[in-house]
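Structure assessment
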Amino acid sequence: MITLNGLAAVGFASAGVAYLGLALLLLVRQAPAGAGRLLIAALLGESAWAIVLAAMMSGARLPAPVMGAVEALRVFLWIAFLLSLLRTALQDERPDAPLRRATNSGLIAAATLFAATFGIEVLAFGERAAFVVKLVGAVYGLVCLEQVYRNSPANRRWALKFMAIGLLALFGFDLLLYAEALLFSRLNGALWIARGYANALVMPLIASWPSYETTAAT
């Protein structure tokens, strides 16, 4: 009989394989450039994170810094991808807008968040501190996503919306998970088990990126 940890491992393993497959597919189909390269990096980061969690749920004993590194890297790469989209949108539509300069500050903030997430795991500051930083990461990801959608030209939003829904679900699930964990000082077991499956299910929405890139090029 499959255990709860085993059920969680299957979900994370499914997500890891799904995102790895999508990254390889994009590499085979076209030579990525700019934001496309960052998307592939984010997909590989997501895959590595899910595979590490699947291994941990299967009983593998991994050092705490490994978990901290993949969790921090996953969020950083998604945010870097979104900031790249935001920079492109602002360059096309409003090259002198203050928000264009703010993308550099946004990347610095993302790097700081990466260091904080990793550092808290390495230095063992405790679960509550980890929940706070991961909650901030989810909120920051949602803010970046909102800015990308808001500042994208109207004729590109149709192609962007499916990927936006996918990332909204991805960051939104993390927001729910860590907000509840912070409130009750523990992770919700049911949400944790569902996390891998939820990440895997939104992959097809994120896979709509090539249609957005084609629209942006026209």
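For the structure, see preceding data.
Presented here is an overview of the structure given in this document. Treat the numbers as computed from the prediction; the structure is a model and nothing was measured. (Residues numbered from 1 in each chain as written. Predicted model: local features only at pLDDT ≥ 70, side-chain atom pairs only at ≥ 80, totals over all residues. Heavy atoms only, no water.)

**Observations regarding the overall build of the protein**
How we decide: Numbered from the N terminus, helices here are DSSP runs of H or I no shorter than four residues, and strands are runs of E no shorter than two. The buried label goes to any residue with under 20% of its type's maximum accessible area, the exposed label to any with over 50%, and the partly exposed label to all in between, with areas taken from a 1.4 Å probe on protein chains only. Contact criterion: two residues are considered in contact whenever any of their non-hydrogen atoms come within 4.5 Å of each other. The method behind every accessible area is Shrake-Rupley, applied with a 1.4 Å probe, and residues are considered shielded solely by the protein chains displayed.
Secondary structure assignment for the protein yields nine helices and zero strands. Listing the helices and strands of the protein from first to last along the sequence gives α-α-α-α-α-α-α-α-α. Looking at the protein residue by residue over its 218 residues, the buried ones come to 46%. A separation of at least 24 residues holds for 74% of the contacts in the protein among residues at least 6 apart in sequence. Of the accessible surface of the protein, which amounts to about 10500 Å², a share of 70% is contributed by carbon and sulfur atoms.

**Observations regarding the environment of proline 153**
Structurally, proline 153 can be placed in the loop between helix H5 (127-151) and helix H6 (154-184). Through-space distance from the C-alpha of proline 153 to that of leucine 90 is 9.4 Å; in sequence the pair is 63 residues apart.

**Quick look at the nonpolar core**
Under the convention used in this document: Among buried residues, those of type Ala, Val, Leu, Ile, Met, Phe, Trp, Tyr and Cys that are joined through side-chain atoms within 4.5 Å constitute a nonpolar core.
Counting residues in hydrophobic clusters, the biggest one holds 62 residues, and the most contacted among them are Tyr19, Leu43, Trp78, Phe81 and Ile206. Elements supplying a minimum of two residues to this core: helix H1 (4-29), helix H2 (35-57), helix H3 (64-93), helix H4 (98-123), H5, H6, helix H7 (189-201) and helix H8 (203-206). Element by element, the count of residues in this core is highest for H3, at twelve residues. Those residues in contact with tyrosine 19 that lie beyond four places of it in its chain are Leu43, Glu46, Ser47, Trp78, Leu170, Asn199, Ala200, Val202, Met203 and Ile206.

**Here's the deal with the pattern of salt bridges**
Stated formally: Should a side-chain nitrogen of Lys or Arg be within 4 Å of a carboxyl oxygen of Asp or Glu, the pair is scored as a salt bridge.
As enumerated under the stated definition, the model contains five salt bridges in all. Note that glutamate 71 and arginine 195 form a salt bridge whose closest N and O atoms lie 3.2 Å from each other. One end of the pair, glutamate 71, is in helix H3; the other, arginine 195, is in helix H7, with 124 residues separating them in the sequence. Take glutamate 71: its relative accessible area is 3%, and that puts it in the buried class. The partner of arginine 150 in a salt bridge is glutamate 146, and the shortest N-O contact between them spans 2.5 Å.

**Some words on the packing of aromatic side chains**
Spelled out, the test is: Only rings of Phe, Tyr and Trp enter the pairing, Trp through its six-membered ring, and a pair is recorded when the two centres are within 6.5 Å. The plane angle decides the type: under 30 degrees is stacked, over 60 is edge-to-face, the rest tilted. For a Lys NZ or an Arg CZ to count as sitting over a ring, it must be within 6 Å of the ring centre and within 35 degrees of the ring normal.
In this structure the tally under the stated criterion is seven aromatic pairs. Taken together, a centroid distance of 5.7 Å and an interplanar angle of 85° make the contact between phenylalanine 12 and tryptophan 49 edge-to-face. Residue phenylalanine 12 is located in helix H1, and its partner tryptophan 49 is located in helix H2; the two are separated by 37 residues in the primary sequence. On the basis of relative accessibility, which here comes to 0%, the residue phenylalanine 12 falls in the buried class. Judged by relative accessible area, which is 0%, tryptophan 49 ranks as buried. Between the NZ or CZ atom of arginine 74 and the centre of the ring of tryptophan 49, over which it lies, the distance is 3.9 Å. In this arrangement the basic side chain of arginine 157 is found over the ring face of tyrosine 149, its NZ or CZ atom lying 5.5 Å from the centre.

**Concerning the packing of H5 against H6**
Definition in use: Between N-to-C directions, angles span 0 to 180 degrees; the directions come from axes that are lines fitted to C-alpha atoms, helices contributing only their stretch in contact. Any angle that falls under 35 degrees is termed roughly parallel, while one over 145 is termed roughly antiparallel, one within 65 to 115 roughly perpendicular, and all others oblique. Crossings are classed by handedness, with left-handed meaning an anticlockwise turn of the near helix from the far one by less than a right angle and right-handed meaning a clockwise turn. Throughout this entry, Asp, Glu, Lys and Arg are counted as charged residues, while Ala, Val, Leu, Ile, Met, Phe, Trp, Tyr, Cys and Pro are counted as nonpolar. The remaining residues, Gly among them, count as polar.
Packing of H5 against H6 leaves a shortest axis separation of 9 Å and a crossing angle of 160°. Our classification of the angle between H5 and H6 gives roughly antiparallel. For the pair H5 and H6, the crossing hand works out as left-handed. When grouped by side-chain class, the residues that make up the contact of H5 with H6 number 19 nonpolar, three polar and six charged.

As far as function goes, none of this settles anything; it's purely spatial.
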